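Here are the chains, one letter per residue:
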Amino acid sequence: MLDPRHLLRWVYLGRLSVASAIFIAGVVNWAKQETDASKLTVVTVAFALVTVLTVVSFAYSEIYRKPLGKTFLYLQSILDLLLVTVVVHVTPGSPDSGSVSQFSALYILVIATATLMLPVGGGLLVAALGIVLFFADTVFGLNAQMHNSIVWAQLGVFAAVSLGCAVLASQLQKAGEGKEVLVAALEHARLEADDILR
């Protein structure tokens, strides 16, 4: 399986980049009076929470080198899903997309990352939560009409990507397990050879 610490470093960097970019865009648009104060408040709270939680997560995983359990990895994925939901909520979509944000594709990145860090079922669980969050924000947050085919197409793409990622992650995990067995067998053979040569 892929080393979660290596992938988490990139997740931290990407998360802080997205949070910073959406915060700066919110402040600039608010200064131009192109957005309302409620969206700026949402963006500011999201930026503050994401920054604090990412710094705490970084300290936990990189400075103190604590073991990364499933709960920690699930919480990282949930935090990423919530950040993407905020981004989708505050960014307007184009008129031809039925008021759905163009940033909704970030859900795919979170789903793909989660399937690499979590067990197969965990990646599907994160994908299901992402679909629920996107659906809820689309219906309740943006007042988009659900007969819009683009919304349903995006939900279908999220589901297809999550299943594809789950299959790929399963194959990668099987290959990783095979590699570990091979390394153990080679180590055992080396020890036997050392015993014979003595």
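In what follows, the accompanying structure is described. (Residues numbered from 1 in each chain as written. Predicted model: local features only at pLDDT ≥ 70, side-chain atom pairs only at ≥ 80, totals over all residues. Heavy atoms only, no water.)

Here the focus is a nonpolar patch on the surface. On the surface, Leu 75, Ile 78, Leu 82, Leu 129 and Val 132 cluster together into a nonpolar patch covering about 400 Å² of accessible area. Broken down by element, the residue count for the nonpolar patch peaks at 3 residues, all from helix H3 (residues 70-90). Checked against the element boundaries, Leu 129 lands in helix H5 (residues 120-141). Judged by its relative accessible area of 32%, Leu 129 is partly exposed. (Patch = residues over 30% accessible without salt bridge, like charges linked within 9 Å, V, L, I, M, F, W, Y side chains within 5 Å. Areas by Shrake-Rupley, 256 points an atom, 1.4 Å probe, with all protein chains shown as cover. Salt bridge = Lys/Arg side-chain N within 4 Å of Asp/Glu carboxyl O. Helix = DSSP H or I, 4+ residues; strand = E, 2+ residues; numbered from the N terminus. Buried < 20%, exposed > 50% of the residue type's maximum accessible area, 1.4 Å probe, protein only.)

Attention shifts here to the packing of aromatic side chains. A complete count under the given rule lists 7 aromatic pairs for this structure. Judged by centre distance (4.6 Å) and plane angle (10 degrees), the ring pair of Phe 23 and Phe 47 falls under stacked. Of this pair, Phe 23 sits in helix H1 (residues 4-31) while Phe 47 sits in helix H2 (residues 37-63); the two residues are 24 residues apart in sequence, bridging distant segments of the chain. Here Phe 47 falls in the partly exposed class, since its relative accessible area comes to 25%. (Phe/Tyr/Trp six-rings, centres within 6.5 Å; stacked < 30°, edge-to-face > 60°.)

Formed by 24 residues in total, the largest nonpolar core has its most connected members in Leu 8, Phe 72, Leu 73, Leu 81, Tyr 107 and Phe 134. Where this core is concerned, the elements lending two or more residues are H1, H3, helix H4 (106-117), H5 and helix H6 (149-197). Excluding anything up to four places from it in sequence, Leu 73 contacts Pro 4, Leu 8, Leu 68, Met 117 and Leu 118. Listed in part, the 8 residues of the second largest apolar core include Val 50, Leu 83, Val 87 and Val 90. (Core = buried A, V, L, I, M, F, W, Y, C linked by side-chain atoms within 4.5 Å. Contact = heavy atoms within 4.5 Å.)

It is worth spelling out H5 at this point. Between its first and last C-alpha, H5 extends 31 Å over 22 residues, near the 32 Å set by a 1.5 Å rise per residue. Taken as a whole, H5 has its buried residues at Gly 122, Gly 123, Val 126, Ala 127, Gly 130, Leu 133, Phe 134, Asp 137 and Thr 138. For H5, the buried positions fall inside an angular range of 140 degrees around the axis, keeping them on one side. Exposed side of H5, more than 90 degrees from the buried face: Leu 125, Val 132 and Phe 140 are the residues found there. (Expected span 1.5 Å × (residues − 1). Arc of directions from axis to C-beta.)

Here we take up the packing of H4 against H5. At a closest axis distance of 8 Å, the pairing of H4 and H5 adopts a crossing angle of 160 degrees. Comparing their axes, H5 and H4 come out roughly antiparallel. In the packing of H4 onto H5, the handedness of the crossing is right-handed. On H5, the residues touching Tyr 107, Ile 111, Ala 114 and Thr 115 of H4 are Gly 123, Val 126, Ala 127, Gly 130, Leu 133 and Phe 134. Looking at side-chain class alone, the contact of H4 with H5 contains 7 nonpolar, 3 polar and no charged residues. (Axes fitted to C-alpha atoms, helices over the stretch in contact; angles between N-to-C directions. Parallel < 35°, antiparallel > 145°, perpendicular 65-115°, else oblique. Left-handed = near helix turned anticlockwise from the far one by under 90°. Nonpolar A, V, L, I, M, F, W, Y, C, P; charged D, E, K, R; others polar.)

Coordinates in, geometry out; function isn't part of it.
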